[in-house]
Amino acid sequence: MEAHLLDRTGGKDLIPPLYYARLVRIGGVMHLAGRERAGRGNTKASTRPVGQSWLCALDRADALPLLERVRVDRASGFSPEDDSDECDPYGPLDYR
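The text that follows walks through the structure, step by step, so that each part is easy to find. Keep in mind that what you see is a predicted model, and the values were worked out from it rather than measured.

The rules behind these values
- Residues numbered from 1 in each chain as written.
- Predicted model: local features only at pLDDT ≥ 70, side-chain atom pairs only at ≥ 80, totals over all residues.
- Heavy atoms only, no water.
- Helix = DSSP H or I, 4+ residues; strand = E, 2+ residues; numbered from the N terminus.
- Buried < 20%, exposed > 50% of the residue type's maximum accessible area, 1.4 Å probe, protein only.
- Lys, Arg positive; Asp, Glu negative; His and termini not counted.
- Salt bridge = Lys/Arg side-chain N within 4 Å of Asp/Glu carboxyl O.
- Contact = heavy atoms within 4.5 Å.
- Polar contact = N/O pair within 3.5 Å; in protein donor to acceptor, adjacent residues only side chain to side chain.
- Pairing = 2+ DSSP bridges.

What follows is about the side chain of E36. In this fold, E36 is placed in strand β3 (residues 29-38). As a buried residue without a salt bridge, E36 has its nearest oppositely charged side chain in R48, at a separation of 8.5 Å. Filtering out sequence-adjacent residues up to four positions away, E36 remains in contact with P16, P17, L18, R48, P49, V50 and Q52.

For the rest of this paragraph, the subject is the side chain of H31. Inspection of the secondary structure puts H31 in strand β3. Among the polar contacts listed, one links the side chain of H31 to the side chain of S53, at a separation of 2.5 Å.

Attention now goes to unusual backbone geometry. Even without being a glycine, Y20 presents a positive backbone phi close to 55°. Following the sequence through the fold, Y20 ends up in strand β2 (residues 18-26). The exposure class assigned to Y20 is exposed, which follows from its relative accessible area of 65%.

All right, on to the pairing of β2 then. In this sheet, β2 lies alongside strand β1 (residues 2-3) in antiparallel orientation, the contact comprising two bridges. Opposite E2, over in β2, you have Y19 as the bridge partner. As paired strands, β2 and β3 are joined by six bridges and run antiparallel to one another. Each bridged residue has a counterpart across the sheet, and for R22 the counterpart in β3 is A33.

Structure, rendered in structure tokens:
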């Protein structure tokens, strides 16, 4: 299954589509889970599947109980301390 968020009926994708999408209904909220193709979009480059999830609700208040159960420590995978690592040869230069 594929899931697309279009700008209008038969229109263009607003965000990258989900592939292998599953649809689940949780407390009045539609939850779509699938895989997004991440990477360069040209024909010679290969993409990698990345897990992605969408919540769809008519009213934002319906989604809040579900969003409160979601916990994301760091979306980037790096901690704030990684920015000031003095041993990193590729870190930003300190111009004083």
